[in-house]
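# Structure at a glance
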Amino acid sequence: MSLSRESLKKVFESFDLDGNGYVSVQELGNCLRSLGEVMSEEDVKGLIDASDKDADGKMDLDEFISMVHAEQDQNEQDDMQKAFQMFDKNGDGSITKNELKDVLKSLGDCLLMTIGLLCSGKQEQGRRARE
C-alpha cells in the first residue's frame, strides 16, 4: 500500500529540520536514529545517493517520495519471495501439487484449530453469562 503524496510530504517536512526544502545526510541520519534505525553516515549517504536524481548530495520531496516508493516495492517483493518459499518446500523454484496440498492442509488444520478455540471460548463466555 502506497502512502499518499500529502502523507509523505508531512514526513519529509518533519525530516527537513532546517526547513530549506531538502533533507541532508545529517538530517536523515538523525531522524532515522530517532526512529530506532541505526545506520552509519556512509549508509545514510548511500540512501540519499541512490535517490539523488540531480546529484546535489541532498534529497528534495520528489526524490524522497521515489525513495519511499522504491523501499515499499522492495518490501513487497521480499514478502512475495518469502510467501513463495513457504510453498516451495524443496527450494527448486517451483511449487508442486504435493507442496501446495501440504501447505493448504497445514493452513486448514491451523484454521480448524483456531475456530475450535474461538468456539470453545464463546461457549465458556456463554456459560459464565448464564451463571
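Structural notes, computed from the coordinates. (Residues numbered from 1 in each chain as written. Predicted model: local features only at pLDDT ≥ 70, side-chain atom pairs only at ≥ 80, totals over all residues. Heavy atoms only, no water.)

## Quick word on the overall build of the chain
Operational definition: In this text, helices come from DSSP runs of H or I with a minimum length of four residues, and strands from runs of E with a minimum of two, each type numbered from the N-terminal end. A simple rule labels every residue: compare its accessible area, found with a 1.4 Å probe on the protein chains alone, to the largest value its type can have, and call it buried under 20%, exposed over 50%, or partly exposed in between. In what follows, a contact means two residues having at least one pair of non-hydrogen atoms within 4.5 Å. Calculation of accessible area relied on Shrake-Rupley with a 1.4 Å probe; when residues are assessed, cover is drawn exclusively from the protein chains displayed.
Looking only at helices and strands, the chain features 5 helices and 0 strands. Counting from the amino terminus, helix and strand elements in the chain follow one another as α-α-α-α-α. Relative to its 131 residues, the chain shows a buried fraction of 21%. For the chain, contacts bridging at least 24 residues in sequence account for 38% of all contacts bridging at least 6. Surface exposure of the chain reaches about 9,600 Å², of which carbon and sulfur atoms provide 55%.

## Some words on the pattern of salt bridges
Condition: Just to be clear on terms, a salt bridge is a Lys or Arg side-chain nitrogen sitting within 4 Å of an Asp or Glu carboxyl oxygen.
According to the stated counting rule, one finds 3 salt bridges in the structure shown. Ionic pairing is found between Arg5 and Asp62, a salt bridge with its closest N-O pair at 2.9 Å. Linking Arg5 in helix H1 (residues 5-15) with Asp62 in helix H4 (residues 61-87), this pair joins segments that are 57 residues apart in sequence. The exposure class assigned to Asp62 is partly exposed, which follows from its relative accessible area of 43%. Taking the shortest distance from any N to any O, the salt bridge between Lys45 and Asp49 comes out at 3.0 Å. Placement of both Lys45 and Asp49 in helix H3 (residues 41-51) is noted, with a separation of 4 residues, approximately one turn of the helix. For Asp49, a relative accessible area of 40% puts it in the partly exposed group.

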